[in-house]
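# Examination of the molecular architecture
The lines below spell out each chain.
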Amino acid sequence: MNPNKTIWIAGANVWNEGKFSETNIAIRNGKITESGGTLLESESPDTQIIRADGKYLVPGLVDMHVHFREPGYSYKETIATGSRAAAKGGFTTVCTMPNLNPAPDSVENLQKQLDIIRKDAAVNVLPYATITQKRMGHELVDYNVLAPLVAGFSDDGTGVQDEDVMRKAMEGIAPTGKILAAHCEVEALLFNGYIHDGEYARAHGHRGICSESEWKEIERDIRLSEETGCRLHVCHISTKESVALIREAKARGVKVTCETGPHYLTFCDEDLQEHGRFKMNPPIRSRADRDALRQGIIDGTIDVIATDHAPHAENEKSKGLEKSAMGVVGLETAFAAVYTTMVKSGMISIERLVKIMTINARRILGLPMSAGINPGNNADLTLLDISAEWTVDPRQFASMGTATPYDGMTLTGCIAATIHNGEILC
């Protein structure tokens, strides 16, 4: 970084205090140094001008739920490739889930991931530690020791089945102030299912996953959060019952937040195809579930869009709905998918999109710039072009994963620039 170089972003619609206004922003030495200043007419060796007329400048997008697979599964994704995909998708902060080997259930094991992050990450990568040892759902980890090093605690990929274990976990996590990010799934209700238990599954002879397997554990965890005071963040909700439960809990003052993924807002099980790029956990569900999720975005019940970016090797995703691995990639399509589905259609405003893709996650995680873009802030910014149309081609992804249900779709909205610590990444 050249400490003498100034980057001007000229004429953008700049986010501040919940609204946009056209202005110029100056960046120098990794910080926003000026807002509304007079722009020079031409560049110089120490000045770069980004002409942003008509584009929208927002705090860098935040994804609270990604899988970068390292350490342990680097043939699927690495922190280097995953963070480059994040930058390409406009994300300057991501939170990595603990489905790793070794699992980050101790400072020693977590340090292996932190060392790779320090060496290879293109953006800000905040790891989760596990709730239980090896994500096995039995023995608790040392929350007090791990808390200063992590975004929160999660056993993502599996729900904590034992209610007493989950209660003790919440009692241990609550004093740290960190979130418990819960993958809610009752394993006894899965019955070896792999897509939604709906019309498509019955018509094509597939084993279904019932909605109750998700909402039943959400119901339990909300009750435990209310009892313990632990901050509960419910991962990747997909059912109408989940939305209703969380809406009711928020009305009672329970410390609960939640996320859903772009694909749950775009697709329903009527859109499924016999390909692994439509297989993820939880599954794409019914039209009624999709519409309830959209309403949850509209009314604020759902706080955050998170991609659950879950790359696999190509041979792991090419075995159809039954045999393919669970998980799809999403970092490089997320903004356009949400913009096309929710904003272009008129369901929400661009201001609401900014809240669910950056501001709310910053508030939940305690990150800066939750109010707006102001002098003194770190220059972690995303420039959005809401008029550009493009066709999704996974062969152009920075991620090692290519399985996406958006393959071949034309979306509106793209990332014009991602700036992290004052450096233009793309």
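Scroll up to find the structure.
A brief report on the enclosed structure follows. (Residues numbered from 1 in each chain as written. Predicted model: local features only at pLDDT ≥ 70, side-chain atom pairs only at ≥ 80, totals over all residues. Heavy atoms only, no water.)

### Digging into unusual backbone geometry
Put simply, the test is: Helical segments are the DSSP runs of H or I of at least four residues, strand segments are the runs of E of at least two, and each set is numbered from the N terminus.
For the bond from N101 to P102, the omega torsion is 0°, close enough to zero to count as cis. Tracing the chain through its elements places P102 in the loop between β7 (91–96) and α2 (107–120). Backbone torsion omega between N281 and P282 reads 0°, so that peptide bond is classified as cis. Relative to the elements of secondary structure, P282 occurs in the loop between α8 (262–266) and α9 (287–299). Located in the positive-phi region is N192, a residue other than glycine, with phi close to 60°. Checked against the element boundaries, N192 lands in the loop between β10 (179–182) and β11 (195–196).

### Some points on the sheet that holds strand β8 (residues 124–127)
Cut-off, in case you're wondering: For two strands to be treated as a pair, DSSP must find at least two bridges joining them. Orientation is described by axes fitted as lines to C-alpha atoms, over the contacting stretch for helices, and by angles from 0 to 180 degrees between their N-to-C directions. The contact criterion used throughout is that any non-hydrogen atoms of two residues lie within 4.5 Å.
Ordered by their spatial adjacency, 3 strands build an open sheet running β6-β7-β8, and the pairing between neighbours is parallel. Each edge of the open sheet carries a strand with a single partner, namely β6 (61–66) and β8. Across this sheet, the average inter-strand angle for adjacent strands is 20°, counted without regard to direction. Across 4 bridges, β7 lies against β8 in parallel orientation. Each residue of the ladder has a partner; that of V94, found in β8, is V125. Strands β6 and β7 of the sheet are contacted by helix α12 (residues 350–365), whose axis makes an angle of about 65° with β6.

### Here we look at the pattern of salt bridges
This is how it is decided: Between Lys or Arg on one side and Asp or Glu on the other, a salt bridge is scored when a side-chain nitrogen of the former is within 4 Å of a carboxyl oxygen of the latter. Only protein chains enter the area calculation, which uses a 1.4 Å probe; residues under 20% of their type maximum are buried, those over 50% are exposed, and those in between are partly exposed.
One pass over the full model with this rule turns up 25 salt bridges. A salt bridge links K76 to E316, with the shortest nitrogen-to-oxygen separation between them at 2.9 Å. Here K76 is found in the loop between β6 and α1 (79–88), whereas its partner E316 is found in the loop between β15 (304–305) and α10 (320–323), with 240 residues between them in sequence. Among the residues examined, E316 registers a relative accessible area of 17% and is labelled buried. Here E219 ties to K216 by a salt bridge, and the two come within 3.6 Å at their closest N and O atoms. One end of the pair is E219 and the other is K216, both in helix α6 (residues 212–228) and 3 residues apart, which spans about a single turn. When salt bridges that share partners are traced, they join E163, R167, R223 and E227 into one network.

### Observations regarding the nonpolar core
One broad rule of soluble globular proteins: the nonpolar side chains tend to lie buried together. Applied cut-off: We define the nonpolar core as a collection of buried residues of types Ala, Val, Leu, Ile, Met, Phe, Trp, Tyr and Cys that are connected through side-chain atoms lying within 4.5 Å of one another.
Counting residues in each nonpolar core, the largest one holds 109 residues, and the members touching the most others are I9, F153, L180 and M357. In terms of residue count, the dominant contributor to this core is helix α11 (residues 334–343) (8 residues). Y128, I179, C235 and L365 belong to the second largest nonpolar core, which has 15 residues in total.

### A few points about the packing of helix α4 (residues 163–173) against α6
Selection criterion: Comment on the angle field: the value is read as roughly parallel under 35 degrees, roughly antiparallel over 145, roughly perpendicular from 65 to 115, and oblique elsewhere. Rotating anticlockwise by less than a right angle from the far helix to the near helix defines a left-handed crossing, while the corresponding clockwise rotation defines a right-handed one.
Remark: α4 packs on α6, axes separated minimally by 10 Å, with the N-to-C direction vectors making an angle of 40°. Here α4 is positioned oblique relative to α6, judged by the angle of their axes. Remark: the crossing between α4 and α6 carries right-handed chirality. Between α4, through E163, M166, R167, M170 and E171, and α6, the contact on the second element is made entirely by R220, D221, R223, L224, S225, E227 and T228.

### Quick notes on the pairing of β10
Of the two faces of β10, the one holding I179 and A181 and the one holding L180 and A182 are both buried throughout. Bridge analysis of strand β9 (residues 152–153) against β10 gives 2 bridges, and the strand direction is parallel. Of the residues in β10, the one forming a bridge with G152 is I179. The sheet contact formed by β10 and strand β13 (residues 231–234) spans 4 bridges and is parallel. The residue bridging A182 from the neighbouring strand is V234, located in β13.

### Regarding the sheet that holds β13
Taken in spatial order, the 5 strands of this open sheet run β9-β10-β13-β14-β15, and their pairing is parallel. Edge positions in the open sheet fall to β9 and β15, since each of these has one partner strand only. In this structure, strand β14 (residues 256–260) lies alongside β15, joined through 2 bridges in parallel fashion. The partner of T260 across the bridge, within β15, is I305. In the packing of helix α7 (residues 240–252) onto the sheet, the strands contacted are β13 and β14, and the crossing angle to β14 comes to about 150°.

### Structural notes on a nonpolar patch on the surface
Put simply, the test is: Like charges are joined within 9 Å and nonpolar side chains (Val, Leu, Ile, Met, Phe, Trp, Tyr) within 5 Å, but only among residues with over 30% relative accessible area and no salt bridge; these make up the patches. For the accessible areas, the method is Shrake-Rupley and the probe is 1.4 Å, while residue cover comes only from the protein chains on display.
Among the surface-exposed residues, V107, V145 and L149 lie close enough to one another that they form a single nonpolar patch of about 200 Å² accessible area. On the secondary structure map, V107 appears in helix α2. Since its relative accessible area comes to 32%, V107 is described here as partly exposed.

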